[in-house]
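# Residue-level structural notes
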Amino acid sequence: MSTATAYAATAPDAPLEKTTIERRELGPNDILIDVKFAGICHSDIHTARNEWGGTTYPVVPGHEIAGIVAEVGSDVTSRKVGDRVGVGCFVDSCGTCEACKDGDEQYCTKGVVQTYNSKTYEGEFTHGGYSTQIVVTENFVLGIPEGVELDVAAPLLCAGITLYSPLKHWGAGPDKKVAIIGMGGLGHVGVKIAHALGAHVTVLSQTLSKEEDGKRLGADEYYATKDTTALKDLRGKFDLILNTVSANLPMGDYLGLLARNGTLVELGVPEKPLEVPAFNLLANRRSFSGSMVGGIAETQEMLDFCAEHHIGAEIEVISGDQINEAYDRVVKSDVRYRFVIDTATL
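Residues numbered from 1 in each chain as written. Predicted model: local features only at pLDDT ≥ 70, side-chain atom pairs only at ≥ 80, totals over all residues. Heavy atoms only, no water.

## A look at the layout of surface pockets
- Here the second largest pocket defines a volume of roughly 680 Å³.
- Around the second largest pocket, the lining comprises 26 residues; the ones closest to its centre are Glu-22, Arg-24, Glu-124, Phe-125 and Thr-126.
- Elements with a contribution of two residues or more to the lining of the second largest pocket: strand 2 (17-23), strand 6 (90-92) and strand 8 (133-137).
- If one sorts the elements of the lining of the second largest pocket by residue count, strand 2 sits on top with six residues. (1 Å grid on protein atoms, 1.4 Å probe; cavity = no way out; pocket = protein on both sides within 12 Å on 5 of 7 lines; lining within 4 Å. Points joined across faces, edges and corners; volume = space filled by probe spheres on them. Helix = DSSP H or I, 4+ residues; strand = E, 2+ residues; numbered from the N terminus.)

## A word on the sheet that holds strand 11 (residues 200-205)
- If you walk across this open sheet you meet the six strands as 12-11-10-13-14-15, and the pairing is parallel. Unpaired on one side and paired on the other, strand 12 (221-224) and strand 15 (287-290) mark the two borders of the sheet. If you compare each strand with its neighbour and ignore which way they point, the axes differ by 20° on average.
- As paired strands, strand 10 (residues 177-181) and strand 11 are joined by five bridges and run parallel to one another. Looking at the pairing, Ala-179 lines up with Thr-202 of strand 11.
- Sheet contacts for helix 4 (residues 159-169): strand 10, strand 13 (238-243) and strand 14 (258-266); angle to strand 13, the most-contacted strand, approximately 160°.
- The strands that helix 5 (residues 187-196) touches are strand 10 and strand 11; relative to strand 11, the one it contacts most, it runs at about 165°. (Pairing = 2+ DSSP bridges. Axes fitted to C-alpha atoms, helices over the stretch in contact; angles between N-to-C directions. Contact = heavy atoms within 4.5 Å.)

## Section: the nonpolar core
- Counting 69 residues, the largest nonpolar core has Leu-167, Val-191 and Ile-193 as its most contacted members.
- Sequence-distant contacts of Leu-167, that is, excluding residues within four places in its chain, are made with Ala-172, Val-178, Gly-190, Ile-193, Ala-194, Leu-197, Leu-240 and Leu-242.
- Counting residues in hydrophobic clusters, the runner-up holds 24 residues, among them Ala-4, Leu-16, Ile-45 and Ile-318. (Core = buried A, V, L, I, M, F, W, Y, C linked by side-chain atoms within 4.5 Å. Buried < 20%, exposed > 50% of the residue type's maximum accessible area, 1.4 Å probe, protein only.)

## Structural notes on the pattern of salt bridges
- Tallied over the entire structure, the rule returns 14 salt bridges.
- Taking the shortest distance from any N to any O, the salt bridge between Asp-30 and Arg-24 comes out at 2.8 Å.
- Here Glu-221 makes a salt bridge to Lys-237, at a shortest N to O gap of 2.9 Å. With Glu-221 in strand 12 and Lys-237 in the loop between helix 7 (228-233) and strand 13, the pair connects residues that are 16 residues apart, well separated along the chain.
- A single network of salt bridges, built from pairs that share partners, joins Lys-192, Asp-213, Arg-216, Glu-314 and Arg-336. (Salt bridge = Lys/Arg side-chain N within 4 Å of Asp/Glu carboxyl O.)

## Quick word on empty space enclosed by the protein
- For the structure shown, the criterion picks out one cavity of 30 Å³ or more.
- For the largest cavity, the full set of lining residues is Gly-88, Cys-89, Phe-90, Phe-140, Leu-142, Leu-157, Ile-161, Val-293, Gly-294, Gly-295, Ile-296 and Thr-299.
- Its residues placed into classes, the lining of the largest cavity shows eight nonpolar, four polar and no charged. (Nonpolar A, V, L, I, M, F, W, Y, C, P; charged D, E, K, R; others polar.)

## Thoughts on the pairing of strand 8
- The buried count for strand 8 comes to four of five residues, which makes it a mostly enclosed element.
- Pairing of strand 3 (residues 30-39) with strand 8, which is carried by five bridges, proceeds in the antiparallel orientation. Bridging from a neighbouring strand, Asp-34 pairs with Gln-133 of strand 8.

## Observations concerning the environment of Asn-50
- Following the sequence through the fold, Asn-50 ends up in the loop between helix 1 (42-48) and strand 4 (65-72).
- Relative accessible area serves as the criterion here: at 29%, Asn-50 is assigned to the partly exposed category.
- On a C-alpha basis, the gap between Asn-50 and Gly-185 in space is 21 Å, while along the polypeptide they are 135 residues apart.
- Once residues lying within four places of it in the same chain are set aside, the contact partners of Asn-50 are Pro-12, Thr-55 and Tyr-57.

## Let's talk about helix 5
- When you tally the buried positions in helix 5, you get eight out of 10 residues, the bulk of the element.
- Among all positions in helix 5, only Gly-187, His-188, Val-189, Gly-190, Val-191, Lys-192, Ile-193 and Ala-194 are buried.
- Considering only its buried residues, helix 5 is in contact with helix 4, strand 10, strand 11, helix 6 (211-217) and helix 10 (296-308).
- Directly after helix 5, the chain includes Gly-198, whose backbone phi takes a positive value near 95°.

## Overview of the packing of helix 4 against helix 5
- It is at 9 Å that the axes of helix 4 and helix 5 come closest, and there the two elements cross at 45°. The angle between the axes of helix 4 and helix 5 places the two elements in the oblique class. Considering the relative orientation of helix 4 and helix 5, their crossing is right-handed. Contact with helix 4, carried on its side by Ala-159, Gly-160, Leu-163, Tyr-164 and Leu-167, involves Val-189, Gly-190, Ile-193 and Ala-194 of helix 5 and no other residues of that element.
- Its residues assigned to classes, the contact of helix 4 with helix 5 shows seven nonpolar, two polar and no charged. (Parallel < 35°, antiparallel > 145°, perpendicular 65-115°, else oblique. Left-handed = near helix turned anticlockwise from the far one by under 90°.)

By themselves these figures say nothing about function.
Set out below in structure tokens:
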């Protein structure tokens, strides 16, 4: 066993506090990582505050992890000490089910082991990246190419792959018109990736307050959804719509923006069930779907793609003692566009 400094929540209404946690002994297939940066995802807040239920305390959040290999197990061949690496939303899967064999470990039928607040197959609970070190099995450690800095790479391990996976799955490219609902921590990365893939990119946001940013990051068009006239003018226009927000939107209106055979993909997790009018699906043979993060191979592909195209998240780097303030600011949408913790400050 080794110890690491971390920030943990001990109750739904308690602020995160500095603590010391134990990391497992390095096994032959394990990698010890010195965490350098950890992104703050809204999922971290939901979990720390038990807003989704099922949180086991104390919990150390963080599944957007960028760091340097500090030590490797005796059988590790893919990484060496000093390598730039990342860890995303999960750290183990069964490896034998159909999903795992297909490279979709995130849909493991036995149940993927998430990076934090998740029980391992051995019965222990995982702790995430708000810490100085983490031990992860070799197969779930990703390489971060030199073309992207570690701080802006950290959010790619969740936000980046959450957008890249559906964009690739539904064929976003030069012949596709893609709309992204929401210009936040997820949406802004999606704009960059969709643009780099060659798609015609439109942002649908509540207001035009981030229009300048959106177009700077690659959006061809930008519309305020509060302007109902604008939505009417966009009916039947898009091949693919990615909804990154977690609000209960009028899905019928947004399904109406799809062209024939178009797909709307839900990425956010609203508080209440979504209402999906059947006639809006039947018209033009539209589809309504969902997507989680990608598998390990696809996440590596995403990192390589982002490095090639010099894509990183737009970030604000904070210290450990600013985490609770950052949580409150995320809830108020007061961040452009992702908080990243400098773990040297823990």
